[in-house]
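# Coordinate analysis (summary)
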Amino acid sequence: MSGESIYKRYKPAVAPEPVNSTLTYWFVFYANKLLIKVDNPKPGVTIPQVRNIEEMNIIPVRKQYLGTLQGQPCYTVEAASEDYIPEGMCYRKYGSLYGVLDDDIFLVAGKALQIVKWDQTHQYCGRCGVPTQMVQNERAKICPQCGLLSYPCLSPVVITAILKDNKILLVRHKILINNIYSLVAGFVEPGETLEEALKREVIEEVGIEVNNIKYFKSQPWPFPHSLMIGFTAEYESGEIIVDGVEVAEAEWFDVRHVQQLPLPVKNSIAWELIDWYICNNADKT
Ligand SMILES: [Zn+2]
């Protein structure tokens, strides 16, 4: 997922447009599970591609158009149940399909999951409880009674590589599995700039001040609807004091030690930031 933008191959849209393709990508979900097709027609895992979803005998509860991938229309669908599964297919948790599905399919599936969840959880107006209606040509719903508009929700998260004397600050979060070492990260709160959120999270989690904050890159993170915004920063002052709530341990590591630690999944933005540090400091151990 670290390569060029998917927008060279994927064109987002809300309403279907005429296309030449005879097949459609169907991102079919039940709960957080995606319907995948295994070993057919060639070895590998992909998602169903047929003209109409009815050909697979799946009854959609809801359906949203997503645009085209390589010129082929894409739809996200919520299935009525997982009791019926077409031959050669199965449902798998979306998060378990990283590195299993083609990168482009995985990325569009993340968008598909967020859109179908938004559709599912915004059936009624949050203010007056009246059934909402889709807005034409925009990914939004409107309440016919009070006019409240609802858009798909995104929760920005800042994540930062903090450097000091050619070392990087890595932390072990209490909630992360497999005891991996990662970076300070946290949700942006209403009213904050990204830089303010970063400084606040760093103080809260590890008790130090940072400066020279620089944007690195961003990454969609549909677990369930985050956008990860990566930064690099430099240590300014203070002693490490972990909060003990979110962070269990925090320590400065040099390149040699970092390479021996269990690290975040490859190509996640946390991994990319740590990899960036390793590449820039490999000759300084
Ligand atoms: Zn309303």
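Residues numbered from 1 in each chain as written. Predicted model: local features only at pLDDT ≥ 70, side-chain atom pairs only at ≥ 80, totals over all residues. Heavy atoms only, no water.

Helices and strands together make up the secondary structure of the protein chain, namely four helices and 17 strands. C-alpha extents for the protein chain along the principal axes are approximately 60 × 50 × 35 Å. Within the protein chain, the fraction of its 285 residues that count as buried is 43%. Counting every atom, the protein chain has about 15100 Å² of accessible surface; 51% of that belongs to carbon and sulfur. For the protein chain, the centre of its 27 positive side-chain charges and the centre of its 34 negative side-chain charges are spaced 6 Å apart. (Helix = DSSP H or I, 4+ residues; strand = E, 2+ residues; numbered from the N terminus. Buried < 20%, exposed > 50% of the residue type's maximum accessible area, 1.4 Å probe, protein only. Areas by Shrake-Rupley, 256 points an atom, 1.4 Å probe, with all protein chains shown as cover. Lys, Arg positive; Asp, Glu negative; His and termini not counted. Charge placed at Lys NZ, Arg CZ, Asp CG, Glu CD.)

With that out of the way, let us pick up the coordination of the zinc ion. At 2.2 to 2.3 Å from the zinc ion lie its protein donor atoms, namely Cys125 (SG), Cys128 (SG), Cys143 (SG) and Cys146 (SG). The coordination sphere of the zinc ion comprises four donor atoms, whose angles at the metal cover 99 to 124°; the geometry is tetrahedral. (Donors = N, O, S within 2.8 Å, 3.2 Å for Na, K, Ca; no water. Tetrahedral: all angles 85-135°; square planar, octahedral: opposite > 155°, others 65-115°.)

When the sulfur atoms of two cysteines share a covalent bond, that bond is a disulfide. Counted under the stated rule, the structure contains zero disulfides. Free cysteine: cysteine 153, not disulfide-bonded; nearest cysteine sulfur from cysteine 125 at 16 Å. (Disulfide = S-S within 2.5 Å.)

A general trend in soluble globular proteins is that nonpolar side chains are found buried together. In this structure, Phe27, Leu34, Ile47, Leu66 and Leu101 are the most contacted members of the largest nonpolar core, which totals 24 residues. Looking at this core, the elements with two or more residues in it are strand S2 (24–30), strand S3 (33–38), strand S6 (60–69) and helix H1 (103–121). Top element by residues in this core is H1. It accounts for nine residues. One finds Ile159, Leu170, Tyr181 and Val258 within the second-largest nonpolar core, a separate group that totals 19 residues. (Core = buried A, V, L, I, M, F, W, Y, C linked by side-chain atoms within 4.5 Å.)

This part covers the side chain of glutamate 78. Relative to the helices and strands, glutamate 78 is located in strand S7 (residues 72–79). Take glutamate 78: its relative accessible area is 13%, and that puts it in the buried class. Looking at glutamate 78, its side chain comes within polar contact range of the side chain of arginine 62, at 2.6 Å. What glutamate 78 contacts, discounting residues up to four positions off in sequence, is Phe29, Ile59, Pro60, Val61, Arg62, Val116 and Gln120. (Polar contact = N/O pair within 3.5 Å; in protein donor to acceptor, adjacent residues only side chain to side chain. Contact = heavy atoms within 4.5 Å.)

Right, let's get into the domain arrangement of the protein chain. When the domains of the protein chain are assigned, the result is domain 1 (6–119), domain 2 (122–152) and domain 3 (155–281). Computed from C-alpha atoms alone, the centre-to-centre distance between domain 2 and domain 3 is 37 Å. (Domains from an automatic or database assignment.)

A separate point is the pattern of salt bridges. Counted under the stated rule, the structure contains 11 salt bridges. The partner of arginine 9 in a salt bridge is aspartate 104, and the shortest N-O contact between them spans 2.5 Å. Highlighted residues: arginine 9 in the segment before strand S1 (10–12) and aspartate 104 in helix H1, separated in sequence by 95 residues. We classify arginine 9 as partly exposed; its relative accessible area is 22%. The salt bridge involving glutamate 272 is made with lysine 217; its shortest N-O contact spans 2.9 Å. With a gap of 55 residues between them, glutamate 272 in helix H4 (residues 269–281) and lysine 217 in strand S15 (residues 209–221) connect regions that are remote in the sequence. For glutamate 272, a relative accessible area of 11% translates into the label buried. Among the charged side chains, a network of salt bridges with common partners joins Glu189, Glu192, Arg200, Glu201 and Glu204. (Salt bridge = Lys/Arg side-chain N within 4 Å of Asp/Glu carboxyl O.)

This paragraph deals with the packing of aromatic side chains. In total, this model carries 12 aromatic pairs according to the counting rule given. Between tyrosine 25 and phenylalanine 27, the ring centres sit 6.5 Å apart and the planes meet at 40°, which makes this aromatic pair tilted. You can call tyrosine 25 buried: its relative accessible area is 11%. For phenylalanine 27, a relative accessible area of 0% gives the class buried. (Phe/Tyr/Trp six-rings, centres within 6.5 Å; stacked < 30°, edge-to-face > 60°.)

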